[in-house]
Amino acid sequence: YTTLFRSVTIEVAKTKELSVKVKTTGDVREGYAIASLDYQPTSILVVGDPEDLAKVDEILIDDIDVSNLNEDLETSLQIADYLPSGISIADGTEEIMVKIAVEELEEKSMCLTSDAINVVGKNSDYSYSFLSGTSYMFKAKGLKDKLDNLKVTNLIPSIDVTGFSPGKYTFTVSMKEIAGVEILDEVKVEVEITQN
């Protein structure tokens, strides 16, 4: 007897681990800020044609609207809504759970002493003295935990005296930008430069 062999083509689907990224859109209510954004799972297993899988490394969820929000938000999203065509979930996980913590911004009064101010660009032939006192008050605004950990030294306060000849001058103290912290007041200092 003769055996007939038939050619059969089988499509082999592959699986791939994709990372999940969640971003918000819009701005929370004035005077508030997002303290934390947590979500689960942070990665999911998907299945699909190898060519389709090769084109994607992450699932981006970027349409969570927080406009005018002034309280915590918990929401769940269907993963399938964010998957490219030809790719589906392999492990039975259907939802991304998202939790956004929103906190009211606080203000903190801080004291800057003149000896904490870095004087940049000094000329060795001159002396520099602060005429406007030894301490200056200013306010910072931000989330409570940011302000609790904020020290004046973190702000690296400085003035630049490069090219200034002897005389009396007023300088605005520059401070390092720190994410999540806003300095509300300008600190101005009067400095006298004298010839040695």
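The following paragraphs examine the structure supplied in this document. (Residues numbered from 1 in each chain as written. Predicted model: local features only at pLDDT ≥ 70, side-chain atom pairs only at ≥ 80, totals over all residues. Heavy atoms only, no water.)

**Comments concerning the sheet that holds strand S2 (residues 32-40)**
Which entries qualify depends on this criterion: When DSSP finds two or more bridges between two strands, those strands count as paired. Under the DSSP-based scheme used, a helix requires at least four consecutive residues in state H or I and a strand at least two consecutive residues in state E, with every element numbered from the N terminus. Structural elements are reduced to axes, namely lines fitted to C-alpha atoms, with helices fitted over the stretch in contact, and the angle between N-to-C directions of any two is expressed from 0 to 180 degrees.
With antiparallel pairing, three strands are arranged side by side in an open sheet as S2-S7-S5. With partners counted over all chains shown, the strands left at the sheet margins are S2 and strand S5 (73-78), one partner each. Along the sheet, successive strands turn relative to each other by an average axial angle of 20°, direction set aside. Pairing between S5 and strand S7 (residues 95-104): six bridges, direction antiparallel.

**Some words on the nonpolar core**
Worth spelling out the cut-off: Residues grouped as a nonpolar core are buried Ala, Val, Leu, Ile, Met, Phe, Trp, Tyr and Cys residues, joined through side-chain atoms within 4.5 Å. Any residue under 20% of the maximum accessible area for its type is buried, any over 50% is exposed, and the rest in between are partly exposed; the area is computed with a 1.4 Å probe on protein chains only. Whether two residues are in contact is decided by their heavy atoms, any of which lying within 4.5 Å being enough.
With 22 residues, the main nonpolar core has Ile61 and Val98 as its most contacted residues. Among the elements of the structure, strand S1 (14-25), strand S3 (43-48), strand S4 (58-65) and S7 are those that each provide at least two residues to this core. With four residues, S7 is the largest single contributor of residues to this core. Among residues more than four places away in sequence, those in contact with Ile61 are Val20, Lys21, Val22, Lys23, Leu77, Tyr82 and Ile96. Counting 21 residues, the second-largest nonpolar core is a separate cluster that includes Tyr126, Tyr136, Ile159 and Ile193.

**Some thoughts on the pairing of S7**
When S2 meets S7, the two strands line up antiparallel, connected through eight bridges. Following the sheet pairing, Asp38 is matched in S7 by Lys99.

**Some thoughts on the environment of Val191**
Among the structural elements, Val191 can be located in strand S15 (residues 188-195). Along the sequence, Val191 and Thr170 sit 21 residues apart, while their C-alpha atoms lie 6.2 Å from each other. Discounting residues that sit within four places of it in the chain, Val191 has contacts with Tyr128, Ser129, Phe130, Ile159, Gly167, Lys168, Tyr169 and Phe171.

**A short note on the sheet that holds strand S13 (residues 167-172)**
Ordered by their spatial adjacency, three strands build an open sheet running S10-S15-S13, and the pairing between neighbours is antiparallel. Two strands bound the open sheet, and with one partner strand each, they are strand S10 (126-130) and S13. Sheet twist, expressed as the average angle between the axes of neighbouring strands with direction ignored, equals 30°. Direction of pairing for S10 relative to S15: antiparallel, over a ladder of five bridges. Across the sheet, the residue bridging to Phe130 is Val191, located in S15.

**Looking at the pattern of salt bridges**
Operational definition: Salt bridges are defined as contacts in which a side-chain nitrogen from Lys or Arg sits within 4 Å of a carboxyl oxygen from Asp or Glu.
Within this structure, the stated rule accounts for five salt bridges. A salt bridge links Lys188 to Glu186, with the nearest nitrogen and oxygen atoms 3.3 Å apart. Using a relative accessible area of 59% as the deciding quantity, one classes Glu186 as exposed.

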